[in-house]
Amino acid sequence: MIKTAVLTVTPPAPPPPPPPPLPPPSADKVGIKVAEYVVSATLTVSVTSTGAAIGTLTNNGGGKYTGAFSWPVNPANVTVKSSLGGAASSAVKAK
């Protein structure tokens, strides 16, 4: 006596499509015009490429900070970091 069996082969589901490509980075320049904070924070300025500390901004109260620093060469880009964790970078404009 011969027994028969039915074998059903189901191909695997096709992989999901790849995610859409990310848009290209913006070519616009980013400028730091004003930094305002509701709470008191320490804001430090450093050279973006090396992390070398340039100085600490003065807290003028009311969330306003100012600073003027001398540096031996144009650092090209600086980063302002908050003691609360935020940061922003910008190109340096020569005067």
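Attention in this report is confined to the structure presented alongside it. Note that the coordinates shown come from a computational prediction; the quantities given were computed from them, not determined experimentally. (Residues numbered from 1 in each chain as written. Predicted model: local features only at pLDDT ≥ 70, side-chain atom pairs only at ≥ 80, totals over all residues. Heavy atoms only, no water.)

## Let's talk about the overall build of the protein
Line of reasoning, step 1. When helices and strands are counted, the protein shows zero helices and six strands.
Line of reasoning, step 2. For the protein, the N- to C-terminal ordering of α and β elements is β-β-β-β-β-β.
Line of reasoning, step 3. Here the protein holds 95 residues, and 17% of them are scored as buried.
Line of reasoning, step 4. When contacts within the protein are restricted to residue pairs at least 6 apart in sequence, those whose partners lie at least 24 apart make up 47%.
Line of reasoning, step 5. On the protein, roughly 8100 Å² of surface is accessible, and the fraction owed to carbon and sulfur atoms is 63%. (Helix = DSSP H or I, 4+ residues; strand = E, 2+ residues; numbered from the N terminus. Buried < 20%, exposed > 50% of the residue type's maximum accessible area, 1.4 Å probe, protein only. Contact = heavy atoms within 4.5 Å. Areas by Shrake-Rupley, 256 points an atom, 1.4 Å probe, with all protein chains shown as cover.)

## Points about the sheet that holds strand β2 (residues 53-56)
Line of reasoning, step 1. Strand order in the open sheet formed by four strands is β2-β1-β5-β6, with antiparallel pairing between adjacent strands. Since the sheet does not close on itself, it has two edges, and those belong to β2 and β6 (87-91), each with one partner. The average angle at which neighbouring strand axes cross in this sheet is 20 degrees, direction not considered.
Line of reasoning, step 2. The pairing of strand β1 (residues 43-47) with β2 spans three bridges and is antiparallel. Residue pairing across strands places Ser 46 opposite Ala 53, the latter belonging to β2. (Pairing = 2+ DSSP bridges. Axes fitted to C-alpha atoms, helices over the stretch in contact; angles between N-to-C directions.)

## Looking at the nonpolar core
Line of reasoning, step 1. Counting nine residues, the largest nonpolar core is built from Ala 41, Leu 43, Val 45, Val 47, Ile 54, Leu 57, Tyr 65, Val 78 and Val 80.
Line of reasoning, step 2. For this core, the secondary-structure elements that each account for two or more residues are β1 and β5 (77-82).
Line of reasoning, step 3. Considering each element in turn, this core owes the most residues, three residues, to β1. (Core = buried A, V, L, I, M, F, W, Y, C linked by side-chain atoms within 4.5 Å.)

## A look at the pairing of β5
Line of reasoning, step 1. In terms of strand pairing, β1 meets β5 through five bridges, oriented antiparallel. In the strand pairing of β5, Thr 44 is matched with Lys 81.
Line of reasoning, step 2. Pairing geometry for β5 and β6, over five bridges, is antiparallel. Among the inter-strand pairings, Asn 77 is bridged to a residue of β6, identified as Ala 91.

## Digging into unusual backbone geometry
Line of reasoning, step 1. Positioned with a positive phi, Ala 76 is a non-glycine residue whose angle comes to about 70 degrees.
Line of reasoning, step 2. Note that Ala 76 resides in the loop between β4 (65-66) and β5.

## Quick word on the side chain of Thr 79
Line of reasoning, step 1. If you trace the backbone, Thr 79 turns up in strand β5.
Line of reasoning, step 2. Judged by its relative accessible area of 8%, Thr 79 falls in the buried class.
Line of reasoning, step 3. Within the local environment of Thr 79, its side chain forms a polar contact with the side chain of Thr 48, the two groups lying 2.7 Å apart.
Line of reasoning, step 4. Polar side-chain contacts of Thr 79 include one of 2.7 Å to the side chain of Ser 89.
Line of reasoning, step 5. Filtering out sequence-adjacent residues up to four positions away, Thr 79 remains in contact with Thr 44, Val 45, Ser 46, Thr 48, Ala 87, Ala 88 and Ser 89. (Polar contact = N/O pair within 3.5 Å; in protein donor to acceptor, adjacent residues only side chain to side chain.)

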